[in-house]
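# Structure assessment
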Amino acid sequence: MWIFRHGEVGEAFQGLAYGGMDVPLSEQGRADSQALAQRFRDVKFSAIVASTLQRARTLGEELQRASGAQLELSAGLVEIDRGRWQGRPMKELLAQHERELGAFYDDPWNWREHGGETDSDVVARAWPVLEDALRRHGGSLAIACHYNVVRNLLAHALGVEPNASFRIRTDLTAGALLHDSPEGWVLVRSNVRTPGRAAT
């Protein structure tokens, strides 16, 4: 299972805690999405499942065009809802809400004083999407979603503690490859932009 993060968003939204807002890609983000899909065009995906938000949906559509695999959209894969923080500049949040941000990073699984989602909320809606797609399609899935969704899915699969999950790095238009094994999920590749031999 490949789990990808979408491309760069439009300049007007960079630096904002846009979270679950449906913000567009920049021209660079669109070009990077196309380039990533072309590099993965020979991977035999059993299906592609993408967030309904346009920045991740675009990557899903590019992967579909390049590989020919079936594309499905799921609202279960949308980015985390930031509540009252959503749409506000990150610099402002850092300056005015240092205590609350610290509390969130200390306990992202449970903390919701901002009125938005917790990491546990994200896993509760996103992980069943993966399980359902694996049950129906098997094989090698491609998932196109968002930073906090990628982070939470990988942490959940690998048994990483929630407050340690921020160490999992997934850059824009990069992905991670998980393999299922008798002992559980194994992270084969992380934060990469090329399939390599392991994916074919």
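Not measured: the values here are computed from a predicted model.

Scanning the protein chain for helices and strands turns up six helices and six strands. The C-alpha radius of gyration computed for the protein chain amounts to 16 Å, which stays within 12% of the reference 16 Å derived for 200 residues, consistent with globular compactness. Reported as C-alpha extents along the three principal axes, the dimensions of the protein chain are approximately 50 × 40 × 25 Å. Relative to its full complement of 200 residues, the protein chain shows a buried share of 48%. If you take every contact in the protein chain between residues at least 6 apart in sequence, the share linking residues at least 24 apart comes to 65%. Positive and negative side-chain charges of the protein chain, numbering 23 and 26 respectively, have mean locations separated by a distance of 5 Å.

For the rest of this paragraph, the subject is the environment of Glu62. Inspection of the secondary structure puts Glu62 in helix α2 (residues 54-67). Remark: the alpha-carbon pair of Glu62 and Thr194, spanning 132 residues in sequence, is separated by 15 Å. Beyond its immediate sequence surroundings of up to four residues, Glu62 is in contact with Ser33, Gln34 and Ala37.

In this structure, Asp119 sits in helix α5 (residues 119-137). Residue Asp119 is classed as buried on the basis of its relative accessible area of 1%. Each C-alpha atom of the pair Asp119 and Val149 lies 8.6 Å from the other, and the pair is 30 residues apart in sequence. Excluding its chain neighbours within four sequence positions, the residues that come into contact with Asp119 are Ile80, Phe104, Pro108, Trp109, Arg151, Asn152 and Ser165. Looking at Asp119, its side chain comes within polar contact range of the side chain of Asn152, at 3.3 Å.

The next point concerns helix α4 (residues 98-106). Taken as a whole, α4 has its buried residues at Leu101, Ala103 and Phe104. End-on, the buried residues of α4 take up no more than an arc of 160 degrees, which puts them together on one face. Along α4, exposed side chains directed more than 90 degrees from the buried face belong to Glu98, Arg99 and Asp106. Buried residues in α4 make contact with α3 (90-96) and α5.

A separate point is the sheet that holds strand β1 (residues 2-5). Taken in spatial order, the six strands make up an open sheet running β3-β2-β4-β1-β5-β6, and their pairing is mixed. On the outer flanks of this sheet lie β3 (71-74) and β6 (184-192), each paired with one strand and no other. Between one strand axis and the next, the sheet turns by 20 degrees as a mean value, whatever way the strands run. In this sheet, strand β5 (residues 175-181) lies alongside β1 in antiparallel orientation, the contact comprising three bridges. Looking at β5, one finds that Ile3 is bridged to Ala176. Here α5 sits on the sheet and contacts β1, β2 (45-51), β3, β4 (140-145) and β6; the angle it forms with β4, its principal contact strand, is near 150 degrees. In this fold helix α6 (residues 147-158) packs onto β1, β4, β5 and β6, with an angle of close to 150 degrees to the strand it touches most, β1.

Bridge count between β5 and β6: six bridges; the pairing is antiparallel. Counterpart to Asp180 in the pairing with β6 is Trp185. In textbook terms, the turn of a hairpin is the stretch between consecutive antiparallel strands, and for β5 and β6 this stretch comprises two residues.

Nonpolar side chains tend to gather and get buried jointly when the protein is soluble and globular. Core analysis: the largest hydrophobic core is formed by 26 residues, its most contacted members being Met1, Ile3, Leu77, Leu130 and Ile143. Sorting the residues of this core by element identifies β2, α5, β4, α6 and β5 as the ones contributing at least two each. At seven residues, the largest contribution of residues to this core is made by α5. In this view, Ile3 contacts Leu130, Ile143, Cys145, Val150, Leu153, Leu154, Ala174, Gly175, Ala176 and Leu178; residues no more than four positions away in its chain are not counted.

Cut-off values and rules
Residues numbered from 1 in each chain as written. Predicted model: local features only at pLDDT ≥ 70, side-chain atom pairs only at ≥ 80, totals over all residues. Heavy atoms only, no water. Helix = DSSP H or I, 4+ residues; strand = E, 2+ residues; numbered from the N terminus. Rg over C-alpha atoms; globule rule 2.2 N^0.38 Å. Buried < 20%, exposed > 50% of the residue type's maximum accessible area, 1.4 Å probe, protein only. Contact = heavy atoms within 4.5 Å. Lys, Arg positive; Asp, Glu negative; His and termini not counted. Charge placed at Lys NZ, Arg CZ, Asp CG, Glu CD. Polar contact = N/O pair within 3.5 Å; in protein donor to acceptor, adjacent residues only side chain to side chain. Arc of directions from axis to C-beta. Pairing = 2+ DSSP bridges. Axes fitted to C-alpha atoms, helices over the stretch in contact; angles between N-to-C directions. Core = buried A, V, L, I, M, F, W, Y, C linked by side-chain atoms within 4.5 Å.

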